[in-house]
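Descriptive structure summary
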Amino acid sequence: VVSTMSDPEGRRALGDLVAERPERLFHVGRLDTDTEGLIILTNDGDFAQHLAHPSHEVDKTYVAEVDGEVHVRTIRELLAGVTLEDGPVTVTQARVVGGDPRREGSNRSIVELTIHEGRNRIVRRLLAHVGHPVRRLTRTQIGPVTLARLRSGEMRELAVAELGELMDSAQL
(Lines give C-alpha, C1' and ligand atoms only; values in the text may rest on other atoms or scores of the structure.)
Protein backbone atom coordinates (compact mmCIF):
# COMPACT_ATOMS: atom_id res chain seq x y z
CA VAL A 1 0.00 0.00 0.00
CA VAL A 2 1.57 3.31 -1.00
CA SER A 3 1.16 6.20 1.41
CA THR A 4 -0.88 8.47 -0.79
CA MET A 5 -4.63 8.72 -1.13
CA SER A 6 -4.46 7.82 -4.84
CA ASP A 7 -1.64 6.64 -7.05
CA PRO A 8 -1.27 7.62 -10.71
CA GLU A 9 0.76 4.42 -11.26
CA GLY A 10 -2.21 2.30 -10.21
CA ARG A 11 -0.63 0.77 -7.12
CA ARG A 12 -2.81 0.02 -4.09
CA ALA A 13 -3.06 3.28 -2.10
CA LEU A 14 -4.46 4.43 1.24
CA GLY A 15 -7.56 5.76 -0.51
CA ASP A 16 -8.36 2.21 -1.65
CA LEU A 17 -8.50 1.06 1.98
CA VAL A 18 -11.01 3.75 2.98
CA ALA A 19 -12.99 4.14 -0.25
CA GLU A 20 -16.28 3.50 1.59
CA ARG A 21 -15.75 6.48 3.95
CA PRO A 22 -17.80 9.52 2.85
CA GLU A 23 -15.52 12.16 4.40
CA ARG A 24 -12.20 13.34 3.00
CA LEU A 25 -9.29 11.76 4.85
CA PHE A 26 -5.74 13.03 5.30
CA HIS A 27 -2.70 10.97 6.18
CA VAL A 28 -0.15 12.05 8.76
CA GLY A 29 3.25 11.81 7.14
CA ARG A 30 4.33 9.50 4.38
CA LEU A 31 6.33 6.34 4.08
CA ASP A 32 8.67 5.54 1.21
CA THR A 33 7.53 2.67 -0.96
CA ASP A 34 10.25 0.49 0.57
CA THR A 35 9.29 1.39 4.16
CA GLU A 36 6.39 -0.09 6.09
CA GLY A 37 4.53 0.79 9.22
CA LEU A 38 2.14 3.09 10.99
CA ILE A 39 0.22 5.88 9.28
CA ILE A 40 -2.53 7.87 10.95
CA LEU A 41 -5.55 8.88 8.90
CA THR A 42 -7.83 11.73 9.98
CA ASN A 43 -10.68 13.79 8.58
CA ASP A 44 -9.12 16.95 10.09
CA GLY A 45 -6.54 18.49 7.75
CA ASP A 46 -5.28 20.99 10.34
CA PHE A 47 -4.76 18.18 12.83
CA ALA A 48 -2.81 16.19 10.21
CA GLN A 49 -0.58 19.19 9.43
CA HIS A 50 0.10 19.90 13.10
CA LEU A 51 1.01 16.27 13.80
CA ALA A 52 3.36 16.09 10.83
CA HIS A 53 5.14 19.42 11.41
CA PRO A 54 8.50 19.06 13.20
CA SER A 55 7.94 22.22 15.28
CA HIS A 56 5.38 20.31 17.37
CA GLU A 57 7.95 17.61 18.11
CA VAL A 58 5.62 14.63 17.87
CA ASP A 59 7.79 11.53 18.32
CA LYS A 60 8.00 9.05 15.47
CA THR A 61 9.68 5.75 16.29
CA TYR A 62 11.25 3.44 13.73
CA VAL A 63 12.82 0.00 13.84
CA ALA A 64 15.53 -0.56 11.25
CA GLU A 65 17.41 -3.67 10.25
CA VAL A 66 20.83 -2.38 9.23
CA ASP A 67 24.07 -3.74 7.87
CA GLY A 68 26.83 -4.39 10.38
CA GLU A 69 27.18 -4.28 14.13
CA VAL A 70 25.95 -1.04 15.67
CA HIS A 71 28.23 -0.11 18.56
CA VAL A 72 27.54 2.10 21.57
CA ARG A 73 29.66 4.86 20.01
CA THR A 74 27.31 4.93 17.01
CA ILE A 75 24.29 5.25 19.31
CA ARG A 76 26.08 8.13 21.10
CA GLU A 77 26.80 9.78 17.73
CA LEU A 78 23.12 9.55 16.76
CA LEU A 79 21.98 10.97 20.10
CA ALA A 80 24.50 13.83 19.88
CA GLY A 81 22.91 14.89 16.58
CA VAL A 82 23.97 14.32 13.01
CA THR A 83 24.12 16.91 10.24
CA LEU A 84 23.03 15.68 6.82
CA GLU A 85 23.26 17.59 3.53
CA ASP A 86 19.87 19.20 4.21
CA GLY A 87 20.55 20.11 7.82
CA PRO A 88 20.80 18.72 11.35
CA VAL A 89 18.76 15.78 12.60
CA THR A 90 17.81 15.36 16.25
CA VAL A 91 17.46 11.79 17.47
CA THR A 92 15.72 11.73 20.85
CA GLN A 93 16.13 8.00 21.52
CA ALA A 94 18.26 5.28 19.96
CA ARG A 95 19.14 1.77 21.01
CA VAL A 96 20.14 -1.57 19.59
CA VAL A 97 17.26 -4.00 20.07
CA GLY A 98 18.51 -7.08 18.27
CA GLY A 99 20.72 -8.80 15.77
CA ASP A 100 23.94 -10.67 16.28
CA PRO A 101 26.46 -9.92 13.56
CA ARG A 102 28.93 -12.35 15.20
CA ARG A 103 26.58 -15.25 14.41
CA GLU A 104 27.65 -17.05 11.26
CA GLY A 105 25.77 -15.83 8.20
CA SER A 106 24.48 -12.75 10.00
CA ASN A 107 25.89 -9.29 9.52
CA ARG A 108 23.11 -7.09 10.79
CA SER A 109 21.73 -5.19 13.75
CA ILE A 110 18.23 -4.09 14.68
CA VAL A 111 18.09 -0.46 15.81
CA GLU A 112 15.15 1.47 17.26
CA LEU A 113 15.26 5.25 17.00
CA THR A 114 12.92 8.15 17.64
CA ILE A 115 12.89 11.45 15.77
CA HIS A 116 10.48 14.38 15.41
CA GLU A 117 10.75 15.10 11.73
CA GLY A 118 9.79 13.40 8.54
CA ARG A 119 12.12 14.70 5.86
CA ASN A 120 12.46 12.57 2.76
CA ARG A 121 14.09 9.21 3.58
CA ILE A 122 15.58 10.77 6.72
CA VAL A 123 15.99 7.57 8.75
CA ARG A 124 17.63 5.76 5.86
CA ARG A 125 19.96 8.69 5.17
CA LEU A 126 20.76 9.12 8.86
CA LEU A 127 21.72 5.48 9.39
CA ALA A 128 23.71 5.33 6.14
CA HIS A 129 25.58 8.46 7.28
CA VAL A 130 26.78 6.65 10.41
CA GLY A 131 27.85 3.62 8.36
CA HIS A 132 24.83 1.34 8.65
CA PRO A 133 22.72 1.18 5.48
CA VAL A 134 19.12 0.12 6.10
CA ARG A 135 17.93 -3.26 4.85
CA ARG A 136 14.38 -2.97 6.22
CA LEU A 137 12.55 -0.09 7.92
CA THR A 138 9.27 0.06 9.85
CA ARG A 139 7.62 3.03 11.58
CA THR A 140 6.26 1.54 14.80
CA GLN A 141 4.90 4.57 16.65
CA ILE A 142 3.61 8.12 16.22
CA GLY A 143 3.23 9.88 19.56
CA PRO A 144 1.32 7.47 21.82
CA VAL A 145 -0.08 5.42 18.92
CA THR A 146 1.70 2.13 18.28
CA LEU A 147 1.60 -0.28 15.38
CA ALA A 148 1.22 -3.17 17.85
CA ARG A 149 -0.06 -6.24 15.98
CA LEU A 150 -1.62 -4.53 12.95
CA ARG A 151 -0.61 -6.11 9.67
CA SER A 152 -0.14 -4.27 6.39
CA GLY A 153 -3.45 -2.78 5.27
CA GLU A 154 -5.20 -3.28 8.62
CA MET A 155 -6.80 -0.37 10.44
CA ARG A 156 -8.17 0.43 13.86
CA GLU A 157 -9.84 3.42 15.49
CA LEU A 158 -7.77 5.49 17.89
CA ALA A 159 -8.61 5.21 21.57
CA VAL A 160 -9.92 8.41 23.16
CA ALA A 161 -6.78 8.65 25.31
CA GLU A 162 -4.54 8.32 22.23
CA LEU A 163 -6.46 11.03 20.41
CA GLY A 164 -6.20 13.32 23.43
CA GLU A 165 -2.45 12.80 23.68
CA LEU A 166 -2.02 13.39 19.96
CA MET A 167 -4.03 16.62 20.17
CA ASP A 168 -1.90 17.75 23.12
CA SER A 169 1.26 16.89 21.15
CA ALA A 170 0.02 18.86 18.16
CA GLN A 171 -0.82 21.77 20.48
CA LEU A 172 -4.51 21.78 19.50
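About the thresholds
Residues numbered from 1 in each chain as written. Predicted model: local features only at pLDDT ≥ 70, side-chain atom pairs only at ≥ 80, totals over all residues. Heavy atoms only, no water. Core = buried A, V, L, I, M, F, W, Y, C linked by side-chain atoms within 4.5 Å. Buried < 20%, exposed > 50% of the residue type's maximum accessible area, 1.4 Å probe, protein only. Helix = DSSP H or I, 4+ residues; strand = E, 2+ residues; numbered from the N terminus. Contact = heavy atoms within 4.5 Å. Pairing = 2+ DSSP bridges. Patch = residues over 30% accessible without salt bridge, like charges linked within 9 Å, V, L, I, M, F, W, Y side chains within 5 Å. Areas by Shrake-Rupley, 256 points an atom, 1.4 Å probe, with all protein chains shown as cover. Salt bridge = Lys/Arg side-chain N within 4 Å of Asp/Glu carboxyl O.

The next thing to look at is the nonpolar core. Counting residues in each nonpolar core, the largest one holds 21 residues, and the members touching the most others are Val 66, Leu 78, Val 91, Leu 113, Ile 115, Val 123 and Leu 127. Listed by contribution, the elements that provide at least two residues to this core are strand 4 (60-67), helix 3 (72-80), strand 5 (82-84), strand 7 (91-98), strand 8 (108-115), helix 4 (122-129) and strand 9 (134-142). With four residues, the top contributor of residues to this core is helix 4. Apart from residues lying up to four places away in sequence, Ile 115 is in contact with Val 58, Asp 59, Lys 60, Tyr 62, Thr 90, Val 91, Thr 92, Ile 122 and Val 123. Counting residues in each nonpolar core, the second largest holds twelve residues, with Leu 38, Leu 51, Ile 142 and Leu 147 among its members.

Of all eight residues making up strand 4, six are buried, and the element is well covered by its neighbours. Across eight bridges, the pairing between strand 4 and strand 8 is antiparallel. Directly across from Val 66, in strand 8, lies its bridge partner Ser 109. Here strand 4 runs beside strand 9; their pairing, made up of seven bridges, is antiparallel. The residue bridging Lys 60 from the neighbouring strand is Ile 142, located in strand 9.

Here we come to a nonpolar patch on the surface. A cluster of nonpolar side chains, Leu 163, Met 167 and Leu 172, forms an exposed patch at the surface whose accessible area comes to about 240 Å². Mapped onto the elements of the fold, Leu 172 is located in the segment after helix 5 (160-169).

Let us look at unusual backbone geometry. Despite not being glycine, Glu 57 shows a phi value in the positive range, around 50°. Tracing the sequence through the fold places Glu 57 in the loop between helix 2 (45-52) and strand 4. For Glu 57, a relative accessible area of 52% puts it in the exposed group. The phi dihedral of Ala 148 is positive, around 50°, even though this residue is not glycine. For Ala 148, the location among the structural elements is in the loop between strand 10 (145-146) and helix 5. The class of Ala 148 is exposed, set by a relative accessible area of 65%.

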